[in-house]
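So the chains spell out like this:
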Amino acid sequence: SRDPFWLNANDKPLPDYEAGNDGPNEEAEPPMTNLMGEVIKPKYEPPRIRTLPALWSDVDGARLAEECLGRKAEAYCWRQTTSMVYLEVRVPEGTPARDLRVEMRPSH
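A.B. asks: Help me get a handle on the environment of R71, residues and values and all.
C.D. replies: By the element assignment, R71 lies in strand β1 (residues 70–72). Assessed through its relative accessible area of 42%, R71 is described here as partly exposed. With sequence-adjacent residues up to four places away left out, R71 is seen in contact with L64, A65, Y76, C77 and W78.

Right under this line is the structure:
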């Protein structure tokens, strides 16, 4: 026969994993194996997903205002000690540091 054997080797077409066809009948991607049939595991573990607490959840705004050592608001939080002033500003999630420009000047 002129037809190579591999043209009719599979009765059903293989799913196109790269196309992102996530239909209900699509089979899962098969595991990657070596020539001996052993599953090849990733060299490194996937990064650990950390869940962060709500912004400024550890700051007691009432105590800061009572002692005149700072203020907690929706968009910012500032606090001070005898030698330092800390200012934290809420920025949109995913904003890279290179997109920020911060200038601090005295007001009087």
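There's plenty left to go through after this.
A.B. asks: Go over a nonpolar patch on the surface, please, and point to the residues and values.
C.D. replies: There is a patch of nonpolar side chains on the surface, built from Y76, L87, V89, V91, L100, V102 and M104 and spanning about 690 Å² of accessible area. By the element assignment, V91 lies in the segment after β3 (85–89). The class for V91 is partly exposed, based on a relative accessible area of 37%.

A.B. asks: Can you break down unusual backbone geometry residue by residue, with the values?
C.D. replies: Trans is the common state for peptide bonds, and a negative phi is the common state for residues other than glycine. Residues other than glycine seldom take positive phi values, yet C68 does so here, at roughly 55°. Looking at the element boundaries, C68 is found in the loop between α1 (61–66) and β1. On the basis of relative accessibility, which here comes to 60%, the residue C68 falls in the exposed class.

A.B. asks: Explain the pairing of β3 to me, and be specific about the residues and the numbers.
C.D. replies: Two elements, strand β2 (residues 76–80) and β3, share five bridges in a ladder whose sense is antiparallel. If you follow Q80 over to β3, its bridge partner there is V85. Where β2 folds back on β3, the antiparallel hairpin that results is connected by four residues.

A.B. asks: Run through the pattern of salt bridges, naming residues and quoting values.
C.D. replies: The full count for this structure, using the stated rule, is five salt bridges. For the salt bridge of E103 with R105, the shortest nitrogen-to-oxygen distance reads 2.6 Å. We classify E103 as partly exposed; its relative accessible area is 44%. Classification of R105 by relative accessible area gives exposed; the value is 68%. Shared partners join several salt bridges into a network, and the residues in it are R101, E103 and R105.

A.B. asks: So what's going on with the environment of L87? Residues and values would help.
C.D. replies: Mapped onto the secondary structure, L87 falls in strand β3. L87 sits eleven residues away from Y76 along the chain, and the two C-alpha atoms are 7.3 Å apart.

Criteria and cut-off values
- Residues numbered from 1 in each chain as written.
- Predicted model: local features only at pLDDT ≥ 70, side-chain atom pairs only at ≥ 80, totals over all residues.
- Heavy atoms only, no water.
- Helix = DSSP H or I, 4+ residues; strand = E, 2+ residues; numbered from the N terminus.
- Buried < 20%, exposed > 50% of the residue type's maximum accessible area, 1.4 Å probe, protein only.
- Contact = heavy atoms within 4.5 Å.
- Patch = residues over 30% accessible without salt bridge, like charges linked within 9 Å, V, L, I, M, F, W, Y side chains within 5 Å.
- Areas by Shrake-Rupley, 256 points an atom, 1.4 Å probe, with all protein chains shown as cover.
- Salt bridge = Lys/Arg side-chain N within 4 Å of Asp/Glu carboxyl O.
- Pairing = 2+ DSSP bridges.

All we've got here are geometric facts, nothing functional implied.
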